[in-house]
Amino acid sequence: MTRHVSRIRGGSCVSVWASLFVLLAAHARAYAPNGPRQPAAQFARCVAFSPNRPRQPASPSARHAAPSHQGGSLPSLPNVRAAVIVPGFLTGQDDFRPLAQSLTAMGIPAVVVPMPRWHWLPCLGGRSMRPMLERIDFTVRHLAAVAGELGDFERTTVEALEESLDEALQHSEDGKKKDPQLLIPDFSYNPLDCYQDFRNNPGGVLEVGGSAEPDNYPLWEPKGSFPTAPEPVGKVALIGHSAGGWICRAYLSDRNYGGKSYDGKRFIHSLITLGSPHGNAPGPAFKGIEWLNNEIMDSSSGVRALAVGGKGYRGDSSGQLTQNAYSFCCPVGSDGTQYDGDGVTPIESALAMKDFVPHADTMILDDVGHFCWSDVLGGETLAPELTQYHKEGRPWYGDEHIIEKWAGWL
């Protein structure tokens with residue numbers, strides 16, 4: 001559910017296309033979950049905090065493609081205690097809304113990249129993550145655009161948030177306020193867009209476009225219509241779950257990835273990854289991680305980083321999915337039985353970000369699982385043991401008492 005956990009050595013093109021159409025038939029629809037939303041610049045004042053130390057955005061190296069963004073270089077932006085959550089592989093906004101709502105209730109207004117699960121289809125088989133990077137960039141820019149104005153924080157904390165959301169929520173059935181997700185506009189992406197992206201998105205086991213190596217990807221601009229955000233007024237945090245974590249690292253990079261340099265550190269002050277694979281491993285699914293790990297992101301980037309990993313789910317006793325997942329993430333072709341982790345990502349891989357982001361902090365959470373398996377359709381089929389553990393009360397990264405442990409780092 002949260003990441004592809006069966007290593008693809010080869011495969012039939014027919015089976016790939018069949019999977020595409022089955023999933024499209026089940027899930028395809030234009031994504032507009034919340035209806036029209038209103039811009040809310042005053043929301044910014046309710047989420048600001050004073051940084052411990054100033055952080056300067058790094059400039060892209062002249063040897064890399066220039067970042068694609070409106071305007072030129074950005075002034076130094078204040079840090080804001082707000083966050084964008086990036087879902088893991090084959091998960092979407094609905095799976096992470098409870099986590100966002102918990103963070104918001106804790107005083108860290110949070111939004112989820114607004115996408116359903118089927119938007120991952122063009123990335124199947126280890127292909128380019130440009131479609132996901134476009135969605136991350138879209139969400140980050142819109143949150144950063146309403147997350148400034150540091151003054152008057154104490155007085156306007158609740159007042160500004162409720163005022164800015166009042167119009168957007170006036171037709172809400174339950175009348176609830178304080179949902180920053182409504183500040184992120186909809187974007188347009190339909191099944192035809194998905195079909196075109198699926199055919200042309202480069203890389204992966206089939207080497208679409210001629211190569212599985214990110215440096216050799218041909219240029220393909222992902223489909224979709226993404227409303228342009230106003231100018232940013234503050235930097236926000238990124239929280240990436242599972243594969244979403246390493247994709248966040250690609251977003252921060254100023255290197256050319258598939259024809260575009262995102263240089264997201266201009267808008268980001270902190271990165272938290274939850275059960276994300278950061279270590280190199282064989283296979284096309286890890287080509288992007290290998291590409292990332294060819295560079296070091298140090299403290300001069302201005303981005304703090306925290307790698308969170310769970311353990312307590314042994315590869316030899318937590319079910320077949322866990323054993324396969326650990327084998328998938330291992331660099332030496334192990335069968336996965338000797339590893340410990342969160343049931344999907346071995347702890348060594350989850351903490352490996354520190355090897356490539358030397359100033360990163362790490363956090364090990366005992367008896368914490370990868371995902372809320374019993375809360376999603378298909379959990380019992382895909383991961384029966386992990387689903388049973390979750391039903392019995394074993395927590396995952398998104399349970400409130402676990403959130404408190406890692407979110408406090410922000």
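Residues numbered from 1 in each chain as written. Predicted model: local features only at pLDDT ≥ 70, side-chain atom pairs only at ≥ 80, totals over all residues. Heavy atoms only, no water.

Draft legend 1. Representation of the side chain of Arg 249 in the model. Following the sequence through the fold, Arg 249 ends up in helix H6 (residues 243–252). The side chain of Arg 249 is buried and forms no salt bridge, while Glu 295, the nearest opposite charge, is found at 6.9 Å. For Arg 249, the side chain forms a polar contact with the side chain of Asn 293, separated by 2.9 Å. If sequence neighbours within four positions are ignored, Arg 249 has contacts with Leu 271, His 278, Leu 292, Asn 293, Met 353, Phe 356 and Val 357. (Helix = DSSP H or I, 4+ residues; strand = E, 2+ residues; numbered from the N terminus. Buried < 20%, exposed > 50% of the residue type's maximum accessible area, 1.4 Å probe, protein only. Lys, Arg positive; Asp, Glu negative; His and termini not counted. Salt bridge = Lys/Arg side-chain N within 4 Å of Asp/Glu carboxyl O. Polar contact = N/O pair within 3.5 Å; in protein donor to acceptor, adjacent residues only side chain to side chain. Contact = heavy atoms within 4.5 Å.)

Draft legend 2. Representation of the sheet that holds strand E2 (residues 110–112) within the structure. Taken together, six strands build an open sheet; the order of strands is E2-E1-E3-E4-E5-E8 and the sheet is parallel. Of all strands in the sheet, those with a lone pairing partner are E2 and strand E8 (361–366), marking the two edges. Ignoring which end each strand starts from, the neighbouring axes of this sheet average 20° apart. Where helix H2 (residues 93–105) meets the sheet, its contacts fall on strand E1 (79–86), E2 and strand E3 (235–241), and the angle it forms with E2 comes to roughly 175°. Docked against the sheet, helix H3 (residues 130–145) engages E1, E2, E3 and strand E4 (268–274), running at close to 155° with respect to E1. (Pairing = 2+ DSSP bridges. Axes fitted to C-alpha atoms, helices over the stretch in contact; angles between N-to-C directions.)

Draft legend 3. Quick peek at the packing of H3 against H6. It is at 10 Å that the axes of H3 and H6 come closest, and there the two elements cross at 70°. For the element pair H3 / H6, the angle class is roughly perpendicular. For the pair H3 and H6, contact is made by Met 132, Leu 133, Ile 136, Asp 137 and Val 140 and by Ile 247, Ala 250 and Tyr 251, respectively. A class-by-class count of the residues in the contact of H3 with H6 yields seven nonpolar, no polar and one charged. (Parallel < 35°, antiparallel > 145°, perpendicular 65-115°, else oblique. Nonpolar A, V, L, I, M, F, W, Y, C, P; charged D, E, K, R; others polar.)

Draft legend 4. Representation of the packing of aromatic side chains within the structure. Within this structure, the stated rule accounts for 14 aromatic pairs. Note on Phe 138 and Phe 187: the rings are 5.4 Å apart at their centroids and 75° apart in plane angle, and the pair reads as edge-to-face. Taken together, the positions of Phe 138 in helix H3 and Phe 187 in the loop between helix H4 (153–166) and helix H5 (191–200) put the pair 49 residues apart, joining distant regions of the chain. Relative accessible area serves as the criterion here: at 3%, Phe 138 is assigned to the buried category. The ring of Tyr 189 has Arg 135 lying over it, and the distance from NZ or CZ to the ring centre is 4.4 Å. Lying over the aromatic face of Tyr 313, Arg 394 brings its terminal NZ or CZ to 4.1 Å of the ring centre. (Phe/Tyr/Trp six-rings, centres within 6.5 Å; stacked < 30°, edge-to-face > 60°. Lys NZ or Arg CZ within 6 Å of the ring centre and 35° of its normal.)

Draft legend 5. Spatial organisation of the pattern of salt bridges. Within this structure, the stated rule accounts for 14 salt bridges. Here Glu 134 makes a salt bridge to Lys 260, at a shortest N to O gap of 3.0 Å. Pair noted here: Glu 134 is in helix H3 and Lys 260 is in the loop between H6 and E4, with a separation of 126 residues, a long-range link. This pair shows no difference in class: Glu 134 is buried, exactly as Lys 260 is. Several salt bridges converge on common partners, so that one network encompasses Arg 130, Glu 134, Glu 221 and Lys 260.

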